[in-house]
Amino acid sequence: MKNKPALSTLLAHADRDFGAEHGAIHKPIHTSVQYGFEKVEDLIGVFQGTIKGGFNYARQGTPTTAALEARITALEGGVGSICFATGMAGICATFLTLLKAGDHLVCSQFVFGNTNSVLGTLRGLGIEVTTVDPGQVSAVEAALQPNTRMVFVETIANPGTQIPDLEGIGALCKTRGLVYVVDNTITSPALFQPKAVGASLSINSLTKTIAGHGAALGGSVTDTGLFDWASYPNIFAAYRKGDARQWGLQQIRKKGLRDMGGALSSEHAHQIAVGSETLSLRVQHSSATAQGLAQWMSAHPAIAKVHYPGLASHPQHALAKKLFGAASWLMAFELRDASRLNAVINALQLPIKATGLGDTRTLIIPVAPTIFWEAGPQVRAQMGIADGMVRLSLGLEALDDLIADFAQALA
Ligand SMILES: *Cc1c(COP(=O)(O)O)cnc(C)c1O
(Lines give C-alpha, C1' and ligand atoms only; values in the text may rest on other atoms or scores of the structure.)
Protein backbone atom coordinates (compact mmCIF):
# COMPACT_ATOMS: atom_id res chain seq x y z
CA MET A 1 0.00 0.00 0.00
CA LYS A 2 1.15 3.55 -0.65
CA ASN A 3 2.24 5.59 2.33
CA LYS A 4 -1.06 7.24 3.14
CA PRO A 5 -3.91 5.25 1.58
CA ALA A 6 -7.46 6.60 1.76
CA LEU A 7 -9.44 5.45 4.78
CA SER A 8 -11.68 3.13 2.76
CA THR A 9 -8.61 1.46 1.20
CA LEU A 10 -6.92 1.07 4.56
CA LEU A 11 -10.03 -0.48 6.10
CA ALA A 12 -10.63 -2.93 3.28
CA HIS A 13 -7.06 -4.26 3.50
CA ALA A 14 -6.27 -3.91 7.20
CA ASP A 15 -6.44 -7.63 7.98
CA ARG A 16 -3.79 -8.45 5.36
CA ASP A 17 -1.17 -6.49 7.28
CA PHE A 18 -1.21 -9.31 9.83
CA GLY A 19 -0.33 -12.05 7.38
CA ALA A 20 -3.17 -14.30 6.29
CA GLU A 21 -3.67 -17.47 8.34
CA HIS A 22 -4.41 -20.36 5.93
CA GLY A 23 -5.16 -17.68 3.33
CA ALA A 24 -8.13 -16.42 5.34
CA ILE A 25 -9.06 -12.95 4.06
CA HIS A 26 -10.82 -12.02 7.32
CA LYS A 27 -8.82 -12.14 10.51
CA PRO A 28 -10.02 -15.41 12.14
CA ILE A 29 -11.95 -15.42 15.42
CA HIS A 30 -9.51 -16.79 17.98
CA THR A 31 -11.59 -18.22 20.81
CA SER A 32 -8.78 -19.77 22.84
CA VAL A 33 -8.46 -18.35 26.35
CA GLN A 34 -5.07 -20.00 26.99
CA TYR A 35 -1.96 -19.81 24.79
CA GLY A 36 0.65 -22.57 24.99
CA PHE A 37 4.38 -22.38 24.25
CA GLU A 38 7.00 -24.86 23.01
CA LYS A 39 9.62 -23.52 25.41
CA VAL A 40 9.11 -22.13 28.90
CA GLU A 41 11.49 -19.27 28.03
CA ASP A 42 8.86 -18.02 25.57
CA LEU A 43 6.13 -18.21 28.23
CA ILE A 44 8.36 -16.20 30.57
CA GLY A 45 9.23 -13.72 27.80
CA VAL A 46 5.56 -13.01 27.06
CA PHE A 47 4.88 -12.52 30.79
CA GLN A 48 7.79 -10.13 31.17
CA GLY A 49 7.04 -8.27 27.95
CA THR A 50 10.43 -9.01 26.45
CA ILE A 51 8.69 -10.98 23.67
CA LYS A 52 6.39 -8.58 21.81
CA GLY A 53 3.11 -9.60 20.23
CA GLY A 54 2.67 -12.77 22.32
CA PHE A 55 -0.50 -13.86 24.10
CA ASN A 56 -0.94 -15.64 27.39
CA TYR A 57 -4.51 -15.17 28.60
CA ALA A 58 -7.44 -13.76 26.63
CA ARG A 59 -8.39 -11.18 29.27
CA GLN A 60 -5.31 -9.20 28.12
CA GLY A 61 -5.97 -9.73 24.42
CA THR A 62 -6.20 -12.30 21.64
CA PRO A 63 -4.90 -12.29 18.04
CA THR A 64 -8.38 -11.15 16.96
CA THR A 65 -8.58 -8.21 19.39
CA ALA A 66 -4.94 -7.34 18.59
CA ALA A 67 -5.83 -7.08 14.89
CA LEU A 68 -8.70 -4.72 15.73
CA GLU A 69 -6.40 -2.68 17.98
CA ALA A 70 -3.89 -2.32 15.14
CA ARG A 71 -6.66 -1.25 12.77
CA ILE A 72 -7.89 1.43 15.18
CA THR A 73 -4.33 2.63 15.78
CA ALA A 74 -3.91 3.07 12.01
CA LEU A 75 -7.25 4.91 11.74
CA GLU A 76 -6.33 7.25 14.59
CA GLY A 77 -2.71 7.74 13.49
CA GLY A 78 -1.62 6.64 16.97
CA VAL A 79 1.17 4.56 18.50
CA GLY A 80 -1.08 1.90 20.04
CA SER A 81 -4.62 1.06 21.12
CA ILE A 82 -6.38 -1.11 23.68
CA CYS A 83 -9.82 -2.59 23.06
CA PHE A 84 -12.41 -3.02 25.82
CA ALA A 85 -15.77 -4.76 26.20
CA THR A 86 -17.58 -1.40 25.94
CA GLY A 87 -16.82 2.26 25.50
CA MET A 88 -17.59 2.80 29.19
CA ALA A 89 -15.00 0.15 30.17
CA GLY A 90 -12.38 2.08 28.19
CA ILE A 91 -13.38 5.41 29.74
CA CYS A 92 -13.40 4.01 33.30
CA ALA A 93 -10.07 2.27 32.80
CA THR A 94 -8.53 5.53 31.57
CA PHE A 95 -9.75 7.53 34.57
CA LEU A 96 -9.04 4.88 37.19
CA THR A 97 -5.55 3.96 36.02
CA LEU A 98 -4.20 7.45 35.27
CA LEU A 99 -5.78 9.40 38.15
CA LYS A 100 -5.49 8.87 41.88
CA ALA A 101 -6.94 10.42 45.05
CA GLY A 102 -5.89 14.05 45.35
CA ASP A 103 -5.70 14.58 41.58
CA HIS A 104 -8.01 16.94 39.72
CA LEU A 105 -9.87 16.31 36.46
CA VAL A 106 -11.44 19.02 34.28
CA CYS A 107 -14.31 17.58 32.27
CA SER A 108 -16.73 19.01 29.72
CA GLN A 109 -20.19 19.54 31.17
CA PHE A 110 -21.62 18.17 27.91
CA VAL A 111 -20.55 14.53 28.14
CA PHE A 112 -22.34 11.24 27.57
CA GLY A 113 -24.71 10.59 30.51
CA ASN A 114 -22.89 7.51 31.80
CA THR A 115 -19.52 9.29 31.60
CA ASN A 116 -21.08 12.06 33.67
CA SER A 117 -22.22 9.43 36.16
CA VAL A 118 -18.65 8.12 36.45
CA LEU A 119 -17.53 11.60 37.55
CA GLY A 120 -19.54 11.04 40.74
CA THR A 121 -17.73 7.75 41.30
CA LEU A 122 -14.37 9.51 40.88
CA ARG A 123 -15.36 12.17 43.43
CA GLY A 124 -16.23 9.37 45.86
CA LEU A 125 -12.72 8.01 45.40
CA GLY A 126 -11.14 11.35 46.31
CA ILE A 127 -10.48 12.62 42.79
CA GLU A 128 -11.59 16.24 42.37
CA VAL A 129 -13.67 16.97 39.27
CA THR A 130 -14.64 20.33 37.80
CA THR A 131 -17.10 20.43 34.91
CA VAL A 132 -16.93 23.36 32.48
CA ASP A 133 -18.46 24.53 29.22
CA PRO A 134 -15.44 23.76 26.99
CA GLY A 135 -16.60 25.99 24.13
CA GLN A 136 -13.97 28.54 25.23
CA VAL A 137 -10.52 27.43 26.29
CA SER A 138 -10.58 30.23 28.87
CA ALA A 139 -13.19 28.28 30.89
CA VAL A 140 -10.90 25.25 30.98
CA GLU A 141 -7.91 27.39 31.90
CA ALA A 142 -9.85 29.09 34.71
CA ALA A 143 -10.69 25.66 36.17
CA LEU A 144 -7.07 24.45 36.32
CA GLN A 145 -5.53 23.80 39.75
CA PRO A 146 -2.00 22.86 40.76
CA ASN A 147 -3.20 19.21 41.05
CA THR A 148 -4.96 19.09 37.66
CA ARG A 149 -3.75 16.07 35.70
CA MET A 150 -6.30 15.54 32.91
CA VAL A 151 -8.83 17.29 30.68
CA PHE A 152 -11.67 15.24 29.14
CA VAL A 153 -13.95 16.38 26.28
CA GLU A 154 -16.10 14.89 23.51
CA THR A 155 -15.79 16.02 19.89
CA ILE A 156 -19.53 16.58 19.33
CA ALA A 157 -21.79 16.42 22.37
CA ASN A 158 -25.01 14.45 22.42
CA PRO A 159 -27.77 15.63 22.12
CA GLY A 160 -26.93 19.35 21.89
CA THR A 161 -24.07 18.97 19.33
CA GLN A 162 -21.81 21.42 21.22
CA ILE A 163 -18.16 21.35 20.09
CA PRO A 164 -15.29 22.25 22.45
CA ASP A 165 -12.48 24.61 21.55
CA LEU A 166 -10.55 21.47 20.64
CA GLU A 167 -7.42 23.22 19.36
CA GLY A 168 -7.24 25.78 22.16
CA ILE A 169 -7.59 23.09 24.82
CA GLY A 170 -4.92 21.02 23.06
CA ALA A 171 -2.48 23.93 23.18
CA LEU A 172 -3.31 24.59 26.85
CA CYS A 173 -2.81 20.94 27.82
CA LYS A 174 0.52 20.88 26.02
CA THR A 175 1.78 23.97 27.87
CA ARG A 176 0.59 22.68 31.24
CA GLY A 177 1.63 19.04 30.72
CA LEU A 178 -1.92 17.71 31.13
CA VAL A 179 -3.25 14.46 29.69
CA TYR A 180 -5.80 15.54 27.04
CA VAL A 181 -8.45 12.86 26.50
CA VAL A 182 -10.86 13.26 23.59
CA ASP A 183 -13.90 10.99 23.20
CA ASN A 184 -14.06 10.65 19.40
CA THR A 185 -17.14 8.40 19.36
CA ILE A 186 -19.52 10.62 17.40
CA THR A 187 -17.02 11.83 14.79
CA SER A 188 -14.88 8.64 14.67
CA PRO A 189 -11.59 8.64 12.78
CA ALA A 190 -13.63 8.80 9.55
CA LEU A 191 -14.24 12.50 10.25
CA PHE A 192 -11.55 13.50 12.74
CA GLN A 193 -8.27 12.44 14.32
CA PRO A 194 -7.98 13.97 17.82
CA LYS A 195 -4.21 13.77 17.34
CA ALA A 196 -4.60 16.76 14.99
CA VAL A 197 -5.54 18.99 17.97
CA GLY A 198 -2.89 17.60 20.31
CA ALA A 199 -4.95 14.94 22.11
CA SER A 200 -2.96 12.49 24.23
CA LEU A 201 -5.60 9.75 24.13
CA SER A 202 -8.51 9.21 21.75
CA ILE A 203 -11.42 7.10 22.99
CA ASN A 204 -14.03 5.45 20.78
CA SER A 205 -17.16 3.59 21.73
CA LEU A 206 -16.74 1.00 18.96
CA THR A 207 -20.41 0.13 19.54
CA LYS A 208 -21.40 3.26 17.65
CA THR A 209 -19.80 4.71 14.53
CA ILE A 210 -16.97 2.22 14.04
CA ALA A 211 -18.99 -1.03 14.20
CA GLY A 212 -22.03 0.80 12.85
CA HIS A 213 -24.44 -2.14 12.89
CA GLY A 214 -25.62 -2.03 16.49
CA ALA A 215 -24.86 -5.74 16.90
CA ALA A 216 -21.80 -5.67 19.17
CA LEU A 217 -20.52 -3.61 22.10
CA GLY A 218 -16.90 -2.47 22.24
CA GLY A 219 -14.59 0.38 23.17
CA SER A 220 -11.04 1.52 22.50
CA VAL A 221 -8.37 3.82 23.89
CA THR A 222 -5.66 5.00 21.47
CA ASP A 223 -2.45 6.75 22.43
CA THR A 224 -1.60 9.41 19.84
CA GLY A 225 2.06 9.38 20.86
CA LEU A 226 2.04 13.09 21.72
CA PHE A 227 2.06 12.91 25.53
CA ASP A 228 5.31 12.70 27.48
CA TRP A 229 4.58 9.87 29.95
CA ALA A 230 8.09 10.16 31.38
CA SER A 231 6.93 13.39 33.02
CA TYR A 232 3.65 11.94 34.33
CA PRO A 233 3.85 11.21 38.07
CA ASN A 234 1.18 8.49 38.20
CA ILE A 235 2.97 5.85 36.11
CA PHE A 236 4.01 2.93 38.33
CA ALA A 237 7.68 1.92 38.27
CA ALA A 238 6.75 -1.43 36.68
CA TYR A 239 5.48 0.35 33.55
CA ARG A 240 8.35 2.84 33.22
CA LYS A 241 10.17 0.48 30.89
CA GLY A 242 10.99 0.52 27.19
CA ASP A 243 9.61 3.14 24.76
CA ALA A 244 8.21 5.94 26.96
CA ARG A 245 5.42 6.55 24.42
CA GLN A 246 3.95 3.17 25.48
CA TRP A 247 4.03 3.75 29.27
CA GLY A 248 0.51 5.14 29.51
CA LEU A 249 -0.98 2.29 27.47
CA GLN A 250 1.06 -0.31 29.37
CA GLN A 251 -0.46 0.93 32.61
CA ILE A 252 -4.00 1.08 31.14
CA ARG A 253 -3.63 -2.45 29.73
CA LYS A 254 -2.29 -4.00 32.92
CA LYS A 255 -4.32 -2.08 35.52
CA GLY A 256 -7.40 -1.24 33.44
CA LEU A 257 -7.84 -4.32 31.26
CA ARG A 258 -5.99 -7.19 32.96
CA ASP A 259 -6.97 -6.24 36.54
CA MET A 260 -10.40 -4.68 35.99
CA GLY A 261 -11.30 -7.29 33.40
CA GLY A 262 -13.48 -5.47 30.89
CA ALA A 263 -12.08 -7.49 27.98
CA LEU A 264 -13.54 -7.47 24.47
CA SER A 265 -14.35 -10.97 23.20
CA SER A 266 -12.85 -12.17 19.93
CA GLU A 267 -16.35 -12.76 18.56
CA HIS A 268 -17.30 -9.14 19.11
CA ALA A 269 -13.92 -7.89 17.93
CA HIS A 270 -14.59 -9.73 14.67
CA GLN A 271 -18.09 -8.25 14.28
CA ILE A 272 -16.72 -4.78 14.98
CA ALA A 273 -13.88 -5.29 12.47
CA VAL A 274 -16.32 -6.38 9.76
CA GLY A 275 -18.55 -3.37 10.51
CA SER A 276 -15.57 -1.02 10.39
CA GLU A 277 -14.81 -2.02 6.79
CA THR A 278 -17.71 0.19 5.66
CA LEU A 279 -16.96 3.00 8.16
CA SER A 280 -16.02 5.73 5.71
CA LEU A 281 -18.87 4.92 3.28
CA ARG A 282 -21.48 4.84 6.06
CA VAL A 283 -20.27 8.04 7.69
CA GLN A 284 -20.17 9.90 4.37
CA HIS A 285 -23.72 8.81 3.61
CA SER A 286 -25.31 9.37 7.01
CA SER A 287 -23.52 12.72 7.47
CA ALA A 288 -24.77 13.94 4.08
CA THR A 289 -28.27 12.79 5.06
CA ALA A 290 -28.05 14.64 8.39
CA GLN A 291 -26.90 17.78 6.58
CA GLY A 292 -29.79 17.60 4.10
CA LEU A 293 -32.39 16.84 6.75
CA ALA A 294 -31.07 19.59 9.06
CA GLN A 295 -31.37 22.13 6.23
CA TRP A 296 -34.88 20.94 5.38
CA MET A 297 -35.99 21.07 9.02
CA SER A 298 -34.54 24.57 9.50
CA ALA A 299 -37.10 25.85 7.00
CA HIS A 300 -40.06 23.89 8.46
CA PRO A 301 -42.65 26.00 10.33
CA ALA A 302 -43.34 23.29 12.97
CA ILE A 303 -39.68 23.19 14.02
CA ALA A 304 -38.35 25.88 16.36
CA LYS A 305 -34.67 25.00 16.28
CA VAL A 306 -32.24 22.55 14.70
CA HIS A 307 -28.96 21.60 16.43
CA TYR A 308 -26.44 20.52 13.80
CA PRO A 309 -22.84 21.75 13.37
CA GLY A 310 -23.23 21.67 9.58
CA LEU A 311 -25.70 24.60 9.73
CA ALA A 312 -24.34 28.16 9.52
CA SER A 313 -26.57 28.96 12.53
CA HIS A 314 -24.61 26.54 14.79
CA PRO A 315 -22.32 28.40 17.24
CA GLN A 316 -19.30 26.25 16.28
CA HIS A 317 -20.10 25.89 12.57
CA ALA A 318 -16.78 27.39 11.45
CA LEU A 319 -14.82 25.11 13.79
CA ALA A 320 -16.69 22.01 12.59
CA LYS A 321 -16.00 22.99 9.00
CA LYS A 322 -12.32 23.46 9.73
CA LEU A 323 -11.73 20.33 11.83
CA PHE A 324 -14.21 17.65 10.74
CA GLY A 325 -14.64 16.00 7.35
CA ALA A 326 -18.41 16.46 7.83
CA ALA A 327 -20.68 17.47 10.69
CA SER A 328 -21.56 13.83 11.55
CA TRP A 329 -24.75 11.78 11.62
CA LEU A 330 -26.01 13.17 14.96
CA MET A 331 -28.54 16.01 15.14
CA ALA A 332 -31.37 17.27 17.31
CA PHE A 333 -34.40 19.45 16.67
CA GLU A 334 -37.03 21.17 18.79
CA LEU A 335 -40.72 21.11 17.99
CA ARG A 336 -42.39 24.49 18.27
CA ASP A 337 -45.32 22.79 20.06
CA ALA A 338 -43.86 20.36 22.63
CA SER A 339 -47.32 18.92 23.32
CA ARG A 340 -47.18 17.26 19.86
CA LEU A 341 -43.93 15.42 20.70
CA ASN A 342 -45.29 11.89 21.07
CA ALA A 343 -47.80 12.25 18.22
CA VAL A 344 -45.13 13.38 15.75
CA ILE A 345 -42.68 10.63 16.73
CA ASN A 346 -45.42 7.98 16.59
CA ALA A 347 -46.44 9.18 13.11
CA LEU A 348 -42.95 8.53 11.70
CA GLN A 349 -42.55 5.29 9.73
CA LEU A 350 -38.78 5.07 9.23
CA PRO A 351 -36.92 6.26 12.35
CA ILE A 352 -36.95 3.61 15.07
CA LYS A 353 -37.89 4.75 18.56
CA ALA A 354 -34.76 3.62 20.42
CA THR A 355 -32.10 4.98 22.74
CA GLY A 356 -28.91 4.03 20.86
CA LEU A 357 -26.68 5.90 18.44
CA GLY A 358 -24.71 5.08 15.32
CA ASP A 359 -26.74 2.29 13.73
CA THR A 360 -27.46 1.47 10.09
CA ARG A 361 -31.09 2.40 10.88
CA THR A 362 -32.14 5.92 11.82
CA LEU A 363 -32.94 6.09 15.54
CA ILE A 364 -35.11 8.72 17.24
CA ILE A 365 -35.70 9.62 20.89
CA PRO A 366 -37.45 12.49 22.71
CA VAL A 367 -34.76 13.83 25.02
CA ALA A 368 -36.49 15.38 28.07
CA PRO A 369 -38.72 12.41 29.05
CA THR A 370 -35.96 9.77 28.56
CA ILE A 371 -32.19 10.32 28.69
CA PHE A 372 -32.55 13.61 30.61
CA TRP A 373 -35.55 12.58 32.74
CA GLU A 374 -33.52 11.78 35.85
CA ALA A 375 -31.79 15.17 35.60
CA GLY A 376 -35.04 17.02 36.40
CA PRO A 377 -36.44 20.27 34.94
CA GLN A 378 -33.83 22.59 36.51
CA VAL A 379 -30.79 20.79 35.15
CA ARG A 380 -32.55 20.37 31.79
CA ALA A 381 -33.11 24.12 31.59
CA GLN A 382 -29.46 24.79 32.54
CA MET A 383 -28.26 22.40 29.85
CA GLY A 384 -30.53 23.82 27.17
CA ILE A 385 -32.68 20.68 26.88
CA ALA A 386 -36.08 21.94 25.70
CA ASP A 387 -39.24 19.89 26.38
CA GLY A 388 -39.78 19.50 22.62
CA MET A 389 -36.22 18.37 21.88
CA VAL A 390 -35.75 15.24 19.76
CA ARG A 391 -32.46 13.47 19.04
CA LEU A 392 -31.83 11.78 15.70
CA SER A 393 -29.05 9.34 14.81
CA LEU A 394 -29.04 9.06 11.02
CA GLY A 395 -28.64 5.67 9.40
CA LEU A 396 -28.44 4.46 5.83
CA GLU A 397 -31.93 5.39 4.59
CA ALA A 398 -32.11 7.78 1.62
CA LEU A 399 -32.55 11.48 2.39
CA ASP A 400 -35.66 11.78 0.17
CA ASP A 401 -37.39 8.95 2.04
CA LEU A 402 -36.65 10.55 5.40
CA ILE A 403 -37.82 14.00 4.26
CA ALA A 404 -41.07 12.50 2.95
CA ASP A 405 -41.59 10.70 6.26
CA PHE A 406 -40.93 13.81 8.38
CA ALA A 407 -43.13 15.90 6.07
CA GLN A 408 -46.13 13.62 6.67
CA ALA A 409 -45.46 13.24 10.41
CA LEU A 410 -45.09 16.98 11.01
CA ALA A 411 -48.17 17.85 8.92
C1 LIG B 1 -22.19 5.37 23.77
C2 LIG B 1 -21.12 6.30 24.16
C3 LIG B 1 -20.16 5.92 25.10
C4 LIG B 1 -20.21 4.57 25.80
O5 LIG B 1 -20.04 3.53 24.90
P6 LIG B 1 -20.62 2.03 25.20
O7 LIG B 1 -19.93 1.23 24.14
O8 LIG B 1 -22.11 2.10 25.05
O9 LIG B 1 -20.20 1.68 26.56
C10 LIG B 1 -19.15 6.81 25.40
N11 LIG B 1 -19.08 8.01 24.82
C12 LIG B 1 -19.99 8.42 23.91
C13 LIG B 1 -19.85 9.77 23.31
C14 LIG B 1 -21.04 7.58 23.55
O15 LIG B 1 -21.94 8.00 22.65
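*Asks:* An account of the overall build of the protein is needed here, citing residue identities and associated values.
*Replies:* When helices and strands are counted, the protein shows 15 helices and 12 strands. Whereas a compact globule of 411 residues would reach a radius of gyration of roughly 22 Å, the protein reaches 22 Å, a difference of no more than 12%. Its C-alpha atoms give the protein principal-axis dimensions of about 75 × 55 × 35 Å. Each of the 411 residues in the protein was classed as buried or not, and the buried ones make up 52%.

*Asks:* Account for unusual backbone geometry, naming residues and giving values.
*Replies:* Residue Asn-158 is joined to Pro-159 through a cis peptide bond whose omega torsion reads 5°. Secondary-structure assignment places Pro-159 in the loop between strand 4 (148-154) and helix 7 (166-176). Despite not being glycine, Ser-188 shows a phi value in the positive range, around 65°. Within the secondary structure, Ser-188 is located in helix 8 (residues 188-191). For Ser-188, a relative accessible area of 0% translates into the label buried. Although it is not a glycine, Ser-328 sits at a positive phi angle of roughly 80°. Note that Ser-328 resides in the loop between helix 12 (317-323) and strand 9 (330-335).

*Asks:* Can you break down the domain arrangement of the protein residue by residue, with the values?
*Replies:* Looking at the assigned domains, one finds that the protein contains domain 1 (7-30 + 61-276) and domain 2 (279-410). For domain 1 versus domain 2, the separation of C-alpha centres amounts to 26 Å. The interface is formed by 37 residues belonging to domain 1 together with 35 residues belonging to domain 2. A combined buried area of about 2,600 Å² lies between domain 1 and domain 2, and 66% of that area is made up of carbon and sulfur atoms. The largest contributions to the domain 1 side of the interface with domain 2 come from Pro-159, Ile-163 and Leu-191, which together make up 26% of the buried area. Put simply, domain 1 and domain 2 have one salt bridge between them. One salt bridge in this structure joins Lys-322 and Glu-167, with 3.0 Å as the shortest N-O distance. Applying the counting criterion to the domain 1 and domain 2 interface returns 11 residue pairs in polar contact (both at pLDDT 80 or more). Residue composition of the side of domain 1 that touches domain 2, grouped by class: 17 nonpolar, 17 polar and three charged.

*Asks:* Run through the packing of aromatic side chains, naming residues and quoting values.
*Replies:* Within the structure shown, the criterion is met by eight aromatic pairs. With centroids separated by 4.6 Å and ring planes inclined at 65°, the aromatic side chains of Phe-227 and Trp-229 adopt a geometry described as edge-to-face. Between Trp-229 and Tyr-232 the ring centres are 5.6 Å apart and the planes differ by 90°, which places this aromatic pair in the edge-to-face class. Judged on exposure class, the residue Trp-229 and its partner Tyr-232 are both buried. Of the aromatic side chains, those joined through ring pairs into one cluster are Phe-227, Trp-229 and Tyr-232. Directly above the ring of Phe-112 sits Lys-208, whose terminal nitrogen or CZ lies 4.8 Å from the centroid. Of note, Lys-255 hangs over the ring of Phe-236, and the distance from its end group to the ring centre comes to 4.6 Å.

*Asks:* Help me get a handle on the site of the ligand, residues and values and all.
*Replies:* By nearness alone, 13 residues border the ligand, and Gly-87, Asp-183, Ser-205, Thr-207 and Lys-208 come closest of all. A distance of 2.8 Å is found between an oxygen atom of the ligand and a backbone nitrogen or oxygen belonging to Gly-87. One of the side-chain N or O atoms of Thr-207 is found 2.6 Å from an oxygen atom in the ligand. Notes on the ligand: free accessible area 380 Å², of which the protein chains cover 92%.

The rules behind these values
- Residues numbered from 1 in each chain as written.
- Predicted model: local features only at pLDDT ≥ 70, side-chain atom pairs only at ≥ 80, totals over all residues.
- Heavy atoms only, no water.
- Helix = DSSP H or I, 4+ residues; strand = E, 2+ residues; numbered from the N terminus.
- Rg over C-alpha atoms; globule rule 2.2 N^0.38 Å.
- Buried < 20%, exposed > 50% of the residue type's maximum accessible area, 1.4 Å probe, protein only.
- Domains from an automatic or database assignment.
- Contact = heavy atoms within 4.5 Å.
- Buried area = accessible area lost by both parts, 1.4 Å probe.
- Salt bridge = Lys/Arg side-chain N within 4 Å of Asp/Glu carboxyl O.
- Polar contact = N/O pair within 3.5 Å; in protein donor to acceptor, adjacent residues only side chain to side chain.
- Nonpolar A, V, L, I, M, F, W, Y, C, P; charged D, E, K, R; others polar.
- Phe/Tyr/Trp six-rings, centres within 6.5 Å; stacked < 30°, edge-to-face > 60°.
- Lys NZ or Arg CZ within 6 Å of the ring centre and 35° of its normal.
- Near = heavy atom within 4 Å.
- Areas by Shrake-Rupley, 256 points an atom, 1.4 Å probe, with all protein chains shown as cover.

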